[in-house]
Amino acid sequence: MPEGPSIVILREQTAGFVGKTIAHAGGSAKDVDMAALAGQPVLAMRSWGKHFLIQTPAAALRIHLLMFGSYRINARKDAVPRLSLRFDDDGGELNFYTCSVKQLAPDLERQYDWRVDIMSDQWDAALALKKLRALPDTLACDALLDQTIFAGVGNIIKNEVLFRIRLHPLARLGDLPPRKLRELVEQARVYAGEFLEWKLAGTLKAHWLAHTKSGCPRCHIPFHRAQLGKTQRRSFFCTRCQKQYPTAREAAPDLLTPLAITPARSDNKSRSQRTPPAS
Ligand SMILES: [Zn+2]
């Protein structure tokens with residue numbers, strides 16, 4: 001599934017269509033008024049997380065490439081496109097396949113919070129941290145995939161960030177020390193930026209340290225592989241160097257011990273000292 005950085009690349013690859021007018025819109029996508037798109041100029045190509053957005057005055061189109069989506073610029077695949085746009089004056093064409101296409105109202109500013117887009121200039125780390133603090137029972141692996149907190153983070157970024165910050169995917173957010181929670185937010189953003197650079201350079205996979213890997217490059221032992229959390233996405237992790245912080249119960253057993261014997265004995269002693277013997 002394309003993650004946020006890949007959608008930024010799509011946005012940049014299609015920037016040349018901005019200012020051009022749609023001559024014809026077609027494709028198998030339901031709920032899109034194809035006829036009404038003809039004659040509309042493209043005002044902007046935008047991205048929010050894993051959403052690619054085509055802005056026209058009358059409507060915006062939201063394309064989500066899902067697991068197997070693809071696109072062709074000024075080219076076609078031997079398949080029925082979900083959305084096909086052709087532009088005026090031989091301005092080229094844009095085709096999307098095996099994806100979700102939805103027509104939205106044109107006012108994208110009201111529909112999207114750009115502060116949660118991991119790739120956006122408006123990314124707000126403090127807001128992400130605030131949202132994570134409100135979810136103490138959420139697992140780290142689920143938190144990173146939550147598109148309302150980290151829009152654009154997918155399974156690759158999840159596995160790599162957890163490995164980088166030495167955090168077990170099943171660690172509960174409420175058990176993390178504050179600095180580890182901050183590191184989670186910081187490195188999600190840092191890794192997403194590196195992902196973009198590596199993808200553009202064609203070296204993304206060469207930089208993977210955990211995702212799809214068989215063993216831990218730090219400990220030289222096999223990775224655990226499991227579909228974890230409520231998202232049930234593949235996790236690759238090392239149980240030696242990726243820490244699953246103890247729960248509050250395990251970390252502070254004293255607080256949970258019913259009544260300790262020692263204080264009771266000292267109470268008896270002090271009482272006997274205060275009370276003189278009967279004889
Ligand atoms: Zn390790």
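Predicted model, so just to flag it, every value in this text is computed and none were measured.

K.L.:
Is there a simple way to explain the overall build of the protein chain in this structure?
P.N.:
Counting its secondary structure elements, the protein chain contains nine helices and ten strands. Here the protein chain holds 279 residues, and 32% of them are scored as buried. For the protein chain, contacts bridging at least 24 residues in sequence account for 64% of all contacts bridging at least 6.

K.L.:
Help me understand the nonpolar core in this model?
P.N.:
Where a protein is soluble and globular, its nonpolar side chains tend to be buried together. If you look at the biggest cluster of nonpolar residues, it comprises 63 residues, and the most contacted ones within it are Ala-140 and Ala-188. The element best represented in this core is helix 7 (residues 178-201), accounting for six residues. Apart from residues lying up to four places away in sequence, Ala-140 is in contact with Leu-162, Leu-167, Pro-169, Ala-171, Leu-173 and Leu-184.

K.L.:
I would appreciate a short explanation of the packing of helix 1 (residues 4-13) against helix 7 in the present structure.
P.N.:
Any two packed helices are characterised by how steeply their axes cross, that is the angle between the axes, and by the distance between the axes. Between helix 1 and helix 7, whose axes approach to 8 Å, the crossing angle comes to 55 degrees. By the angle class used here, helix 1 and helix 7 are oblique. Crossing handedness for the pair helix 1 and helix 7: right-handed. Residue-level contacts link Gly-4, Pro-5, Ser-6, Val-8 and Ile-9 of helix 1 to Ala-192, Phe-195, Leu-196, Lys-199 and Leu-200 of helix 7. Split by residue class, the contact of helix 1 with helix 7 holds seven nonpolar, two polar and one charged.

K.L.:
Can you walk me through the sheet that holds strand 2 (residues 44-48) in this structure?
P.N.:
The antiparallel open sheet is built from four strands, whose spatial order is 2-3-4-8. On the outer flanks of this sheet lie strand 2 and strand 8 (100-104), each paired with one strand and no other. The sheet shows a mean angle of 20 degrees between the axes of neighbouring strands, taken without regard to direction. The sheet contact formed by strand 3 (residues 51-55) and strand 4 (residues 60-64) spans five bridges and is antiparallel. Across the sheet, the residue bridging to Gln-55 is Ala-60, located in strand 4. The strands touched by helix 1 are strand 2 and strand 3; relative to strand 2, the strand with the most contacts, the crossing angle is about 180 degrees.

K.L.:
Sorry if this is basic, but what is going on with the confidence of the model for the protein chain here?
P.N.:
Low pLDDT means the predicted coordinates in that region are not meant to be read closely. This prediction gives the protein chain a mean pLDDT of 91; 89% of its residues lie at or above 70. Here residues 257-279 scores under 50 on pLDDT; set against residues more than four positions off or in separate chains, the count is one contact.

K.L.:
Explain the sheet that holds strand 1 (residues 22-26) to me, please; I cannot follow it from the model alone.
P.N.:
Strand-to-strand pairing in sheets goes through backbone hydrogen bonds, with the strands running parallel or antiparallel. The strand order 1-6-7-5 describes an open sheet built from four strands, whose pairing is antiparallel. The open sheet has two edge strands with one neighbour each: strand 1 and strand 5 (70-73). Here the average twist between neighbouring strands, direction ignored, is 10 degrees. For strand 1 and strand 6 (residues 83-87), the ladder comprises four bridges, and the chain directions are antiparallel.

K.L.:
Hey, could you run me through helix 1 in this one?
P.N.:
Because each turn of an α-helix spans 3.6 residues, side chains separated by three or four positions end up pointing in the same direction. Within helix 1, burial applies to Gly-4, Pro-5, Ser-6, Ile-7, Val-8 and Leu-10. Close packing links the buried residues of helix 1 with strand 2, strand 3, strand 5 and helix 7.

K.L.:
It is not clear to me how unusual backbone geometry should be interpreted in this structure. Could you clarify?
P.N.:
Peptide bonds are trans in most cases, and residues, glycine excluded, mostly fall at negative phi. Even without glycine at this site, Asp-89 takes up a positive phi of about 55 degrees. With respect to the helices, strands and loops of the structure, Asp-89 is situated in the loop between strand 6 and strand 7 (93-97). Assessed through the 8 C-beta atoms surrounding it within 10 Å, Asp-89 is described here as exposed. The residue Gln-232 is not glycine, and still its phi comes out positive at about 55 degrees. With respect to the secondary-structure elements, Gln-232 resides in the loop between strand 9 (224-228) and strand 10 (233-237). A tally of 11 C-beta atoms within 10 Å means that Gln-232 is categorised as exposed.

Conventions adopted
Residues numbered from 1 in each chain as written. Predicted model: local features only at pLDDT ≥ 70, side-chain atom pairs only at ≥ 80, totals over all residues. Helix = DSSP H or I, 4+ residues; strand = E, 2+ residues; numbered from the N terminus. Buried ≥ 20, exposed ≤ 12 C-beta atoms within 10 Å, placed from the backbone. Contact = placed C-beta atoms within 7 Å. Core = buried A, V, L, I, M, F, W, Y, C linked by C-beta atoms within 7 Å. Axes fitted to C-alpha atoms, helices over the stretch in contact; angles between N-to-C directions. Parallel < 35°, antiparallel > 145°, perpendicular 65-115°, else oblique. Left-handed = near helix turned anticlockwise from the far one by under 90°. Nonpolar A, V, L, I, M, F, W, Y, C, P; charged D, E, K, R; others polar. Pairing = 2+ DSSP bridges. pLDDT = per-residue confidence, 0-100.

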